Amino acid sequence: MTSERFGHYRFESLIGRGGMGEVFRAWDERRNRVVAVKRLPRQMAQDREFRARFQRESALAAKLREPHIIPIHDYGEIDGLLYIDMRLVEGTDLAKVLKTGAITPERAVDITSQVADALDAAHAEGLIHRDVKPSNILLVGPPERAAVRGFAYLADFGIAS
């Protein structure tokens, strides 16, 4: 648990960490709701070329309205750090589900179809994900339920093109 403040967000806990930053479960004090906030490393904000790309790609990703893409509420910079505010998905990623055992062929087709819908919508807007992998596919619900049925989201357009 953490109680770090970041602008108008209060970080509650760290959800994940990767090469493109950290994702926190956070309370948005402006909108009175729980969200996921991805905060990028400071050195990325100091790179002018990266900052411009971040702004451009975040704006494109925020326009996407496909149900299988996690909605972006806001993006920008706070205290010299770039961030993205998005819907918090209560669930697990496909990589964790696959580690617990195999999923049925029917479920695999179901998940693939949902991710394909997300990719089609992104491509229609000129956005290419470039990092589709099981850990970037979020499944709603606990792993045992998510392995059998449910909604899938494509996440992390962080290195999109």
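Everything numeric in this text was worked out from a predicted model, so none of it was measured.

*Asks:* Is there a simple way to think about the overall build of the protein in this case?
*Replies:* Within the protein, the regular secondary structure consists of 5 helices and 9 strands. Put simply, the protein runs from its N terminus to its C terminus through helices and strands in the order β-β-β-β-α-α-β-β-β-α-α-β-α-β. A compact globule built from 161 residues should have a C-alpha radius of gyration of about 15 Å, and the protein, at 16 Å, falls within 12% of that. Along the first, second and third principal axes, the C-alpha set of the protein runs to 45 × 35 × 25 Å. Every one of the 161 residues in the protein was classed for burial, and the buried ones make up 42%. Counting only contacts in the protein whose residues sit at least 6 apart along the sequence, the fraction spanning at least 24 positions is 56%. By element, 52% of the accessible surface of the protein is carried by carbon and sulfur atoms, the whole surface being about 8,700 Å². Across the protein, 24 positive and 23 negative side-chain charges occur, with their mean positions spaced 3 Å apart.

What counts and how
- Residues numbered from 1 in each chain as written.
- Predicted model: local features only at pLDDT ≥ 70, side-chain atom pairs only at ≥ 80, totals over all residues.
- Heavy atoms only, no water.
- Helix = DSSP H or I, 4+ residues; strand = E, 2+ residues; numbered from the N terminus.
- Rg over C-alpha atoms; globule rule 2.2 N^0.38 Å.
- Buried < 20%, exposed > 50% of the residue type's maximum accessible area, 1.4 Å probe, protein only.
- Contact = heavy atoms within 4.5 Å.
- Areas by Shrake-Rupley, 256 points an atom, 1.4 Å probe, with all protein chains shown as cover.
- Lys, Arg positive; Asp, Glu negative; His and termini not counted.
- Charge placed at Lys NZ, Arg CZ, Asp CG, Glu CD.

Without other data, these values stay purely geometric and don't point to any function.
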